[in-house]
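Given next are the chains, with one letter for each unit.
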Amino acid sequence: MDINRRLFLGRSGLGFGSLALSAMLQGAERGVNGLAQVAPKAKSVIWLFMRGGVSHMESFDPKPALNELAGKSIGETRFHYVQDPERLRKVRVVVVNDANGQQRNKLYPLQVGSRKYGASGIEVSDWFPHIGGCIDDIAVIRSMWTTDDNHGAQVQFHSGRHMLDPRVPTIGAWVNWGLGTLNENLPQFIGMGPRFFDRSDGHYLGPAYDEVKLKIAPGNPLDYAKPQGDITAEEQRLGFGLVNRLNRLSLDRYPDDAELDARIKSYELAYRMQTSVPGVVNFDKETEATKKLYGFNQNETRPFGQQLLAARRFVERGVRFIQIMHGGGAAGAWDQHSNLKSGHAKLAMQVDRPIAGLLKDLKSRGLLDETLVVFATEFGRTPGSQGANGRDHHPYAFSAWMAGGGLKGGVTHGATDDIGFHPTEDPHYVTDVHATLLRQLGLDPHAMEVPGHKRLEKDFGHPIQEIIS
Amino acid sequence: MSASRSFLVPAVVVITAACSLVQGEKEAPSAELHEDYGKVKELLAAKCHSCHGALKQKAKLRLETRDLMLKGEVIVPGQAAKSLLIERVEDMGEDRMPPPEEGAALKSGEIALLRRWIDGGAKAPAGEPVRQGPGEHWAFQVPRRTDLPDDADNPIDVLLEIRRATLGLKAQPLAQRTILIRRLYLDLIGLPPTREQLNDGRPWESIVDELLASPRHGERWARHWMDVWRYSDWYGLDKQLRNSQKHIWRWRDWIVESLNDDKGFDHMIHEMLAADELAPDDPDTLRATGFLARNYYLFNRTTWLDATIEHTAKAFIGLTLNCAKCHDHKYDPITHEDYYRFRAIFEPHQVRLDPVPGETDFEKDGLPRVFDDHLGASTHLHIRGDPKNPDKSRLMEPGVPGILASFAPPVEPVKLPAYAYAPASRDYVQKDYLVPVRTEVETAKKKLAEARKNATAALREEAKLKPGEKTKSGPTQPDFSVQDDFGKHNPELWEVVGKGWVFKDGAVHQTTATRDTERLLLRPEVPRNFEMTCRYMHTGGATYRSVTFRFDVSPDRNYANYVYTSAHAPGSKLHVAYTRGGKSTYPSEGLVAQPIEIGKPYTLRLAVRDRLVNVWLNDKIQIAYTLPDRKPGGGLELSGFDATVAFDDFSIRALPGEVELTKSKNKEPPPALEPVESVEVSEARLAAAEARLASLEAVFAAEQARGDPGAYKQASKRAARLETEALKAAGEYESKAFATDAGKVKAARAKIAKAEKKLADTGVDRITYTPPRVSRKALETPAHKEGQYPAIYPETSTGRRLALARWMTSSSNPLTARVVVNHVWLRHFGEPLVETVDDFGLRAKPPTQQLLLDHLAADFMENGWSFRRLHRLIVTSGAYRLSSTSADADAETRAADPDNRFYWRMNVRRMDAQVVRDSLLHLAGALDFTPGGPSLDPGDAVRRRSLYFKHSRDQQDKFLKTFNDADHLQCYRRSESIAPQQALALSNGKVPIEMAEKIAGQVEGEDFVGPMFELLLGRKPDADERRECETTLADFEAAATEAKKPNPAQRARRGLVHALLNHNDFVSIR
């Protein structure tokens, strides 16, 4: 029996780390478990997640009707039917006695204008003019829904499972698990930005499938990337060399020990990783024009821009999944229960130019075709007002978009009613985004299972065929 | 076959191979013939067996084998079209199988497979075994020991050898002694041996007994059980407690101590589930209920109870009860009703913090424990698991899963002592809560003495006055009035301090410019609210050239309020300022720039009401300022500062109430000093403090008398009366102390009135006292406030949890001992006997070593559920001591059982995260062995054992996490990955580098490589290894010399140690 098979069988659902490593080391493009069943269109994913809940009506699904109906109660408009209890059923109230997730009845006008962009003429709010400028490369999904009425929905958008369900692997972990490495010197699943509700990805796949957390700090971008003590590079080289030779000598002593073999390789990879990663987050060789494209010249856009530029550099080097969270705080900065106008305007400004910069940069380098960019958030916001100037959580309908990786550009898919309350066509649960992404990577979601961990039908989702070109 | 293999190997092989591993490794001869049948069976198992299998047999139909299908008349061999099976799976209407709520319809390819197999004659191998009914499941039979001869070896070896001999497997020899000793140390105490210990020549059993008796053993195994029992420190959002409980470490300490005491596991279960019913007045035992308190969840009671149900069942009886939350269990004989009966056991319980001796602040310490709070809470089945949709028509009575209920003891309510339900009856609580009250009495006494002393001093001053003179003005005396035109010195009015004062020309002159030690001190005491007017002239002086009017001056002059004019140029001004503790403050809000000229007369008028000061200069209001505070009883002084001055005319009077003052603009600063209270206030304060003490003592006496109705009635009457009197006394004190604050006075009067009404109207007989709140119940939902919960808890407990615990530990319970023995085995051998450590349900196949598991489980129960005995049995077995290498092993054995399922050699394991870190520290002699106590913030600087780190969603040590630390949500078995991040942590982390340095310093002498290799890896290096080490040691030294580092030889040794710590065999248990 070969080593991989033995490890796989011997651990039965536990300790897949060894397996992951073997996969990485093999550089198996089609995945360790032979999971790649359809020809892949994309190689990498850049996953952008806006924490807190972006208002869909004031971003990618503008609803001018709200301006006409402003101040009216939903019940007195022609949209009274949206609050039919039967239609509200699929949302689970997580927190008893919580102020969130209540019906907000008084319709609140749009806090920003919108206009049509590009040849496709897709309507985008004025808070996202740069992304609007790229709309012909984007497929907007306006009919997302989820079940979680509080920010545990962030967990749900990544894993498909409610925060109260047992934790299951996130999409990044599955991609990492299902695909082999394209670069033996770099981790394959990198994360940046703030994260709160769930800090691991692999769960039953094991911590080897967690994101490798990165900071934009060329000196020390990675935990344990350099010695926390007085050790010279030469000493380190000698140390790694000795460890390697001694471990190899042990192979004779323990001929069937697959772990020993895996450990030898893990030290080789570790040694390469610690020298490679800092180089990737060092932007010295990027041109001023490129940096400007990502918004390096403005304080507001620089932090997110740096993460996106790093993401592009990782994509160039074959990293599979880069997960970037935006919006600090426990709930997430986009959570505008009040002051929606100033809050969203500020946050949109931080991300709009860098994201557009990323799309343009990827495109000009010919990388957009093989890189899938996802823009998502945990839920939308209520068409009704909360307090004087905010909107509450709205899990019934919201927007996400995807670009590149063999998807259509300049299309919208799905729609909501005129006040953005419920999807009126093609509703998509969050895992449909996962399924679409996996499909483009050449993976069959149904092959993503390990013994002892049955997945539910809704965990797999369905690829959104209409946006696949 | 292991669970994982069944996923890759056709099902038909799995079934026949259950007892014959060796053949199972090869293809079944009839595989070709039955290829479709194998797939059919897989398909039916996935889609149909949950309803039409041994478990449920809906419509009396089973679909597990061809014979059963024929018996159920759902297939007609050769004629798919006539088979009911096909008809139903093809039905698109209401009769479709599986029904929509049970699963998706079969795909066309799957239906085609069924058709092909039936049309082909529905062929299947003969004599297929039929699965038994759920009651016959192996894990539901009480485990029995195997009878062995009296002189038999260790039963583990006997039972393992029976299987090995049958299969012709040859065991490896024992491992080398030092490797064995290292293995034993790491397993039993989680720390590596020293070189001396490695070469311990005593008999194996002596070393075993010594380690089992070591307090380190409890710490090592506590961490294993903390995994299984889901230990987590509290976490939430910022400071909001949402999960687990504060001070839950007390439960961790209970685990450690229980293991070190070798408490029977049956008792441990009793205590974890029901210590509050079993030992309600023993706080040490109550710590055990942290097991349940850990499940606390602020937001949703159902989520909370779901976790309690799921993990109590998984941890102790290895059943996935959680699968029956929404519907009957798909695989196990556990019904939807069973789930809610199990919930009913926990329905009444809640969590609270009890006070611990010496601490009354629950943020600092407390004992998290559970108790039955809502004795009458009813449980209803949630239809499809939806808590919004309870089936109100039926009440779910508490109970264990029906299939194993025959030996369940009856539920009997438990009467609790006052200690448990009225925590204020506890001696130590009373003592702790009385401390501040007694202190207040002492303070009040002291304050009263001070006030009296001040008053006496004032009286003495007064006595200095001549008889017949106007008596001294009291602080509030309204007719106080004094005037002086300084025509001549009036010694009754002014005390002249210092030199240079001259009375001439109808004025008093200060003729030398000093810094205000020379002063005129007004003898009569000035009322609190006064108005002073003075005409004067700056006549010369040095730098500041100020004239100062001080009031509220304390005898030591460290306290004063004052106003002055300064002729200092440039910047002459009028200014209100104050002195506190001898230091002067010159607030900018009290300053007004004013032209003050030498030789020009000014009239300064000063009005003071409470803290508000108004100052006029030449009849023009200039300053309105609020002082931080006023201290009564001080004097009034006139003086110059660096100035010569002539005072012409002076008058002062009590400020009439009708005079309106200008309000200040400055925000009132907080009082800088506690005012000295008057005798009257101090007396009231002492009275209030004494009344409070008497009241609290009476209340505590009443709390203590609970349980004796007669005495309690008397004591509570007295407590009620004294409590009311204390309320009145408090009101009286407050009305005096805050006399100037109308709002507070009003509140205080209301207090008095309330108390008086209580005493008068209802009579002392009927009024009741308020039991003090000395414990803190965890909020049931975020909408609640702690204050709305009663301070006294129910006097009985339902006894449900105790009955559950006794059912679990009944000798008739087939699961509990098996499950725990399996966990212990896993942690000694790296592999469990039953692969699914948290699921012993129907899907758990009989383990390869079932005789062994059963024997150990039975032995465990028969011997007081003693872990120590079990450990001893295991580690003294030959199996435990086998070599872990397959080098030089019998080739046939290696080929027949490569996965070592028959234990012909020892498995190699990787150290748990905690063992990696603790070993580094211990080898360096840096480990701090302090046991127990509050959890520590993770970090590289900590030197205590790793189990004492905080461990929660929000806090987990980074180094430990890298080495697969336990998941705080669920960890029945650690995962064991090999990731490059581990290599980075061990080679670049601060702890390994620091410890390498310390370890390197521990071996001295000529040969460094040999001893160090042995210390770190548990064996001596062979020639090749020694050569590599020696060479690199030299290279390290050369590199250090090259880099001009100090002490290159020692540095090279550190380099070698650091490399050996990164050796695979360091983190491995060989």
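Just so you know, these numbers come straight off a predicted model, no measurement behind them.

### Quick look at the interface of chain B and chain A
Right, so step 1: Residue-level contacts link 77 residues of chain B with 71 residues of chain A.
Right, so step 2: Summing both sides of the interface, chain B and chain A together bury roughly 6500 Å²; the carbon and sulfur share of this comes to 57%.
Right, so step 3: It is B:Ile978, B:Leu984 and B:Asn988 that lose the most area in chain B upon contact with chain A, and together they represent 11% of the buried surface on that side.
Right, so step 4: On inspection of chain B and its partner chain A, the count reaches 10 salt bridges.
Right, so step 5: When the shortest N-O distance is used, the salt bridge between B:Arg1051 and A:Glu235 registers 2.7 Å.
Right, so step 6: Across the chain B-chain A interface, the total number found is 22 residue pairs in polar contact (both at pLDDT 80 or more).
Right, so step 7: Going through the elements one at a time, helix 1 (3-6), strand 1 (235-237), helix 30 (958-962), helix 31 (980-988), helix 32 (990-1000), helix 34 (1023-1042), helix 35 (1048-1061) and helix 36 (1064-1067) of chain B are the ones with two or more residues in the side of chain B that touches chain A.
Right, so step 8: Among the residues making up the side of chain B that touches chain A, the classes are represented as 28 nonpolar, 23 polar and 26 charged.

### Side note on the side chain of B:His382
Right, so step 1: Structurally, B:His382 can be placed in the loop between strand 4 (367-372) and strand 5 (414-415).
Right, so step 2: Beyond its immediate sequence surroundings of up to four residues, B:His382 is in contact with B:Thr302, B:Lys325, B:His336, B:Tyr340, B:Arg343, B:Pro387, B:Asn389 and B:Pro390.

### Comments concerning the nonpolar core
Right, so step 1: With 228 residues, the main nonpolar core has A:Ile355, A:Trp401, B:Trp229 and B:Leu1016 as its most contacted residues.
Right, so step 2: Excluding residues within four positions of it along the chain, B:Leu1016 makes contact with B:Arg182, B:Leu923, B:Ile999, B:Val1057, B:Leu1060, B:Leu1061 and B:Phe1066.
Right, so step 3: Counting residues in each nonpolar core, the second largest holds 44 residues, with A:Leu438, A:Leu443, A:Met448 and A:Ile468 among its members.

### With respect to unusual backbone geometry
Glycine aside, residues mostly have negative phi, and peptide bonds are mostly found in the trans state.
Residue and element names in this part refer to chain B.
Right, so step 1: Residue Met97 is joined to Pro98 through a cis peptide bond whose omega torsion reads -10°.
Right, so step 2: Considering the arrangement of structural elements, one finds Pro98 in the loop between helix 6 (84-90) and helix 7 (108-119).
Right, so step 3: Residues other than glycine seldom take positive phi values, yet Ser244 does so here, at roughly 55°.
Right, so step 4: You can see Ser244 is positioned in the loop between strand 2 (240-243) and helix 13 (249-260).
Right, so step 5: A positive phi angle, near 60°, is found at Asn964, a position not held by glycine.
Right, so step 6: Structurally, Asn964 can be placed in the loop between helix 30 and helix 31.

### Here we look at the sheet that holds strand 3 (residues 349-354) of chain B
Residues and elements named next belong to chain B.
Right, so step 1: What the three strands build is an open sheet, ordered 4-3-19; its pairing is antiparallel. Each edge of the sheet is formed by a strand with only one pairing partner; in this case those strands are strand 4 and strand 19 (776-777).
Right, so step 2: Bridge count for strand 3 against strand 4 is six bridges, and the pairing is antiparallel. Pairing of His349 across the sheet is with Asp372, part of strand 4.

### With respect to the packing of aromatic side chains
Residue and element names in this part refer to chain B.
Right, so step 1: With the rule as written, the count across this model stands at 57 aromatic pairs over all chains.
Right, so step 2: When the ring of Tyr37 is compared with that of Trp117, the centres are 5.3 Å apart and the planes differ by 20°; the resulting orientation is stacked. With a gap of 80 residues between them, Tyr37 in helix 4 (residues 35-47) and Trp117 in helix 7 connect regions that are remote in the sequence. Both residues of the pair, Tyr37 and Trp117, belong to the buried class.

### A few points about helix 11 (residues 340-364) of chain A
Residues and elements named next belong to chain A.
Right, so step 1: Compared with an ideal rise of 1.5 Å per residue, which puts 25 residues at 36 Å, helix 11 spans 35 Å between its outermost C-alpha atoms and is within 8% of the ideal.
Right, so step 2: Of all the bends in helix 11, the greatest measures close to 30° and is centred on Ala348.
Right, so step 3: Two residues or fewer past helix 11, Gly366 is found with a positive phi of approximately 70°.

### Quick word on the environment of A:Ser44
Residues and elements named next belong to chain A.
Right, so step 1: Within the secondary structure, Ser44 is located in strand 1 (residues 44-50).
Right, so step 2: Once the C-alpha coordinates of Ser44 and Phe189 are considered, the two residues, 145 residues apart in sequence, prove to be 9.9 Å apart.
Right, so step 3: Ignoring any residue separated from it by four or fewer positions in sequence, one finds Ser44 in contact with Val315, Val319, Arg320, Glu370, Thr371, Leu372 and Leu441.

### Some thoughts on the state of the cysteines
All names here are of chain B.
Right, so step 1: Per the counting criterion, the structure on display carries zero disulfides over all chains.
Right, so step 2: With no disulfide of its own, Cys323 lies closest to Cys326 among cysteine sulfurs, the gap being 9.7 Å.
Right, so step 3: Residue Cys323 is classed as partly exposed on the basis of its relative accessible area, which comes to 31%.

### Overview of the pattern of salt bridges
Opposite charge on two side chains permits them to pair, given that their charged atoms come into close proximity.
Right, so step 1: Within the structure shown, the criterion is met by 108 salt bridges over all chains.
Right, so step 2: Across the pair B:Lys751 and B:Glu734 runs a salt bridge whose closest N-O atoms are separated by 2.9 Å. Of the two residues, B:Lys751 sits in helix 23 (residues 742-766) while B:Glu734 sits in helix 22 (residues 709-737), which places them 17 residues apart along the sequence.
Right, so step 3: Among the salt bridges present, the one from B:Asp839 reaches B:Arg843, with a minimum N-O distance of 3.4 Å.
Right, so step 4: Owing to a relative accessible area of 9%, B:Asp839 belongs among the buried residues under this scheme.
Right, so step 5: Look at B:Arg843 and you get partly exposed, because its relative accessible area is 43%.
Right, so step 6: Through salt bridges with shared partners, a single network forms among A:Arg253, A:Asp257, B:Arg1019, B:Asp1022, B:Glu1025, B:Asp1065 and B:Arg1070.

### A few points about the pairing of strand 17 (residues 620-626) of chain B
Residue and element names in this part refer to chain B.
Right, so step 1: Pairing of strand 16 (residues 612-617) with strand 17, which is carried by six bridges, proceeds in the antiparallel orientation. If you follow Leu612 over to strand 17, its bridge partner there is Thr626.
Right, so step 2: Taken together, strand 16 and the strand that follows it, strand 17, pair antiparallel across an intervening segment of two residues, in which Asn618 is found at a positive phi of about 50°.

### Overview of the environment of B:Ser572
All names here are of chain B.
Right, so step 1: Position of Ser572 among the secondary structure elements: in the loop between strand 11 (560-566) and strand 12 (573-580).
Right, so step 2: On the basis of relative accessible area, Ser572 is assigned to the buried category, the value being 17%.
Right, so step 3: Once the C-alpha coordinates of Ser572 and Glu780 are considered, the two residues, 208 residues apart in sequence, prove to be 66 Å apart.
Right, so step 4: Apart from the residues lying within four places of it in its own chain, the contact partners of Ser572 are Ser566, Ala567, Ala593, Gln594, Pro595 and Ile596.
Right, so step 5: A polar contact is formed between the side chain of Ser572 and the backbone nitrogen of Ile596, at a distance of 3.2 Å.

### A look at the side chain of B:Ser884
Right, so step 1: Topologically, B:Ser884 is positioned in the loop between helix 27 (867-875) and helix 28 (891-896).
Right, so step 2: On the basis of relative accessibility, which here comes to 7%, the residue B:Ser884 falls in the buried class.
Right, so step 3: When residues no more than four places from it in sequence are discounted, the contact partners of B:Ser884 are A:Tyr254, B:Arg183, B:Arg905, B:Met906, B:Asn907, B:Val908 and B:Arg1070.

### Some points on the confidence of the model for chain A
Right, so step 1: Of the residues in chain A, 90% have a pLDDT of 70 or more, and the chain-wide mean is 87.
Right, so step 2: Overall, residues 1-34 of chain A carries pLDDT values under 50, and its contacts beyond four positions in sequence, including any with other chains, amount to 81 contacts.

Rules behind the numbers
Residues numbered from 1 in each chain as written. Chains lettered and ligands numbered in written order. Predicted model: local features only at pLDDT ≥ 70, side-chain atom pairs only at ≥ 80, totals over all residues. Heavy atoms only, no water. Contact = heavy atoms within 4.5 Å. Buried area = accessible area lost by both parts, 1.4 Å probe. Salt bridge = Lys/Arg side-chain N within 4 Å of Asp/Glu carboxyl O. Polar contact = N/O pair within 3.5 Å; in protein donor to acceptor, adjacent residues only side chain to side chain. Helix = DSSP H or I, 4+ residues; strand = E, 2+ residues; numbered from the N terminus. Nonpolar A, V, L, I, M, F, W, Y, C, P; charged D, E, K, R; others polar. Core = buried A, V, L, I, M, F, W, Y, C linked by side-chain atoms within 4.5 Å. Buried < 20%, exposed > 50% of the residue type's maximum accessible area, 1.4 Å probe, protein only. Pairing = 2+ DSSP bridges. Phe/Tyr/Trp six-rings, centres within 6.5 Å; stacked < 30°, edge-to-face > 60°. Expected span 1.5 Å × (residues − 1). Bend = angle between axes of the 7 residues up to and from the residue. Disulfide = S-S within 2.5 Å. pLDDT = per-residue confidence, 0-100.

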